[in-house]
Amino acid sequence: MSTPTMHLGVAVPFFSASATTENVVEIARLAEDLGYHSLWTFQRLLAAVDADGAPLLLPQYRSVLDPIALLAYLAAVTDRVRLGVAVLNLRRASRPSTI
């Protein structure tokens, strides 16, 4: 009987001031160099608003990278690490996006 293997992954920054191109690439490459199995992102589905519809989150938390575009970018800067998205709302994923 073979022993099961546990694979560990890393969540990459996808929102706030830490979600810069430089940081995402550095984290992805470091995780790959350290032997992590996968890189993960997800899509924020809800954002808090007040009774008038005004955002309650600070601006740096309202800006969120598109998970599919981010994973495509990570695929271009890594060699072997697997990529995954934990939550994806297809209705929101159909609009054009950029990193």
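Above this note sits the structure.
Residues numbered from 1 in each chain as written. Predicted model: local features only at pLDDT ≥ 70, side-chain atom pairs only at ≥ 80, totals over all residues. Heavy atoms only, no water.

With that out of the way, let us pick up the packing of helix α1 (residues 21-33) against helix α3 (residues 67-77). At a closest axis distance of 10 Å, the pairing of α1 and α3 adopts a crossing angle of 55°. Viewed along their axes, α1 and α3 adopt a mutual orientation that is oblique. By crossing handedness, the relation of α1 to α3 is classed as right-handed. On the side of α1, the interface is formed by T21, V24, V25, A28 and R29, while α3 contributes L70, Y73, L74 and V77. Here the residues of the contact of α1 with α3 sort into 7 nonpolar, 1 polar and 1 charged. (Axes fitted to C-alpha atoms, helices over the stretch in contact; angles between N-to-C directions. Helix = DSSP H or I, 4+ residues; strand = E, 2+ residues; numbered from the N terminus. Parallel < 35°, antiparallel > 145°, perpendicular 65-115°, else oblique. Left-handed = near helix turned anticlockwise from the far one by under 90°. Contact = heavy atoms within 4.5 Å. Nonpolar A, V, L, I, M, F, W, Y, C, P; charged D, E, K, R; others polar.)

Counting residues in each nonpolar core, the largest one holds 15 residues, and the members touching the most others are V12, L39, L65, L70 and L74. At the level of elements, α1 and α3 are the ones that each hand at least two residues to this core. Look past the residues within four positions of V12 in its chain and what remains in contact with it is I27, L39, W40, T41, L70 and L74. (Core = buried A, V, L, I, M, F, W, Y, C linked by side-chain atoms within 4.5 Å. Buried < 20%, exposed > 50% of the residue type's maximum accessible area, 1.4 Å probe, protein only.)

Here α1 contains 13 residues, and its C-alpha end-to-end distance of 18 Å stays within 8% of the 18 Å for a straight helix at 1.5 Å per residue. All of the buried residues along α1 are V24, V25, A28, A31 and E32. One side of α1 carries all its buried residues, which in axial view fall inside an arc of 135°. The exposed residues of α1 that point more than 90 degrees off its buried face are E22, E26 and D33. Elements that come into contact with the buried residues of α1 comprise β1 (9-11), β2 (38-41) and α3. Backbone geometry just after α1 places G35 at a positive phi near 90°. (Expected span 1.5 Å × (residues − 1). Arc of directions from axis to C-beta.)

Before going further, it helps to spend a moment on α3. One turn of the α-helix equals 3.6 residues, which is why residues spaced by three or four share an orientation. Taken together, the buried positions of α3 are P67, A69, L70, L71, L74 and V77. Sitting at the head of α3, D66 places a side-chain oxygen 3.0 Å from the backbone nitrogen of I68. (Polar contact = N/O pair within 3.5 Å; in protein donor to acceptor, adjacent residues only side chain to side chain.)

Among the secondary structure elements, L71 is positioned in helix α3. Since its relative accessible area comes to 11%, L71 is described here as buried. Sequence-wise, L71 and V12 are 59 residues apart; in three dimensions their C-alpha atoms are separated by 9.7 Å. Contact partners of L71, with chain neighbours within four places excluded, come to L39, T41, L83, G84 and V85.

So, on to the sheet that holds strand β3 (residues 82-85). Strand pairing within a sheet occurs via backbone hydrogen bonds; the two strands may be parallel or antiparallel. Spatially, 3 strands are ordered β1-β2-β3 in an open sheet, and the strand pairing comes out parallel. The open sheet has two edge strands with one neighbour each: β1 and β3. Ignoring strand direction, the axes of neighbouring strands in this sheet form an average angle of 25°. In this sheet, β3 lies alongside β2 in parallel orientation, the contact comprising 4 bridges. The partner of W40 across the bridge, within β3, is G84. (Pairing = 2+ DSSP bridges.)

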